[in-house]
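If you want the building blocks of each chain, they are given just below.
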Amino acid sequence: MSVERTRVVVAGACGRMGRETCKAVLDAEDMELVGVCDTAFAGGNLADVVEGAPGIRISGALDDAIAESSPDVVVDFTTPSAVMENIRTAVRRSTSIVVGTTGVALQDLASEDKLARESGFGILIAPNFAIGAVLMMKFAEEASKHLPTVEIIELHHDRKLDAPSGTALITAEKIAGARGEVDCGGPQPEARGALHKGVRIHSVRLPGLVAHQEVIFGGVGQTLTIRHDSLDRTSFMPGVLLAVRKMKEIRGIVYGLDRIL
Ligand code: NAP
């Protein structure tokens, strides 16, 4: 008996994450890549951009890709300046969306959340799809109850548009939630990183890096370092595919991969 495959559109399909997502969807037996969009390659053919991909026309806008291919789920890996409009487009089209792009302003999505709940589809937003990174955040949250003095160092490739990373911001929020806000300040604030919820975050941007984070706790006569490394963008794909599969059950906004693990 043939199983009905989930129809997927990838937004930002020609970017670093979008290409990996196209490959992962094409390799998944229970999914079908029915459409793609990317402003950089609008009007082109996916086969010319993603090795091994079939000939799918690249739309210039998500609205066109949804209209042309009627997907069950959109996966968005675009840019912080494009993502909010893409979420609104998916909602207008009553289509579930999995969002990996950073820069989502959750506080501005109340009406989209309500509409998605009422209409029976989902919006899953996860700043980090690497399962190891989710565990790193969970362990950091636990450690902060016992060792409240902590700083975060996040390291990413030099073309990353935002700093600090979404993962670092969430880690700081989880730590602050577990221990309360404590500014571990000190002299020379300009050399002490950004302050978020009382947690110092240091952002390193260098070619050669992918996505890495250390959470360093200090205590009496001891330190504890919790570190996660995404060595390759394939590290995000099991989490992305899990999210696509879970969209059947999700109504409204769900924030964070930990909510569906
Ligand atoms: P990238 O290589 O710059 O790719 C983004 C692509 O989206 C570009 O080709 C861009 O085209 C295209 N684009 C921009 N606006 C668009 C629109 N309105 N519709 C369709 N396509 C559009 O970026 P990346 O490295 O793949 O990262 C994408 C996002 O994912 C970033 O926000 C990054 O921080 C995030 N990320 C998340 C995770 C996670 O686990 N959640 C992991 C890694 C990265 P132009 O060149 O024309 O702008």
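Before reading further, recall that the structure is shown in the block above.
Residues numbered from 1 in each chain as written. Predicted model: local features only at pLDDT ≥ 70, side-chain atom pairs only at ≥ 80, totals over all residues. Heavy atoms only, no water.

Peer 1: I keep staring at the packing of helix α5 (residues 131-144) against helix α6 (residues 166-179) and nothing clicks. Help me out?
Peer 2: Between two packed helices, what matters for the description is the angle formed by their axes and the separation of those axes. The N-to-C vectors of α5 and α6 enclose an angle of 30°; their axes lie 8 Å apart at closest approach. Of the possible angle classes, the one that applies to α5 and α6 is roughly parallel. At the point where α5 passes α6, the crossing takes the right-handed sense. Touching M136, M137, A140, E141 and S144 of α5 are T167, I170, T171, K174, I175, A178 and R179, all from α6. When the residues that make up the contact of α5 with α6 are grouped by side-chain class, the tally is six nonpolar, three polar and three charged. (Axes fitted to C-alpha atoms, helices over the stretch in contact; angles between N-to-C directions. Helix = DSSP H or I, 4+ residues; strand = E, 2+ residues; numbered from the N terminus. Parallel < 35°, antiparallel > 145°, perpendicular 65-115°, else oblique. Left-handed = near helix turned anticlockwise from the far one by under 90°. Contact = heavy atoms within 4.5 Å. Nonpolar A, V, L, I, M, F, W, Y, C, P; charged D, E, K, R; others polar.)

Peer 1: Explain the sheet that holds strand β8 (residues 194-196) here, please?
Peer 2: Hydrogen bonds along the backbone pair up the strands of a sheet, which may run parallel or antiparallel. One open sheet accounts for five strands, arranged β8-β9-β7-β10-β11; its pairing is mixed. A single partner strand is all that each edge strand has here, and the edge strands are β8 and β11 (222-230). Strand-to-strand twist across the sheet, computed as the mean angle between neighbouring axes with direction ignored, equals 20°. On top of the sheet, α5 reaches β10 (211-219) and β11; it is set at about 165° to β11, its chief contact. With respect to the sheet, α6 is in contact with β7 (149-156), β8, β9 (199-205) and β10, its orientation differing from that of β7 by roughly 165°. (Pairing = 2+ DSSP bridges.)

Peer 1: It is not clear to me how the sheet that holds strand β4 (residues 73-76) should be interpreted in this structure. Could you clarify?
Peer 2: Reading across the sheet, the seven strands line up as β3-β2-β1-β4-β5-β6-β12 and stay open at both edges, with parallel pairing between neighbours. Looking along the sheet, the strands with just one partner apiece sit at the ends: β3 (58-59) and β12 (252-255).

Peer 1: Would you mind going over the pairing of β7 with me for this structure?
Peer 2: Along any regular strand, the residues point their side chains to alternate faces of the sheet. Burial runs high along β7: six of the eight residues are buried. As paired strands, β7 and β10 are joined by eight bridges and run antiparallel to one another. Bridging from a neighbouring strand, L155 pairs with H212 of β10. Of the pairings in the sheet, the one linking β7 to β9 comprises six bridges and is parallel in character. Paired with I153 across the strands is H202, a residue of β9. (Buried < 20%, exposed > 50% of the residue type's maximum accessible area, 1.4 Å probe, protein only.)

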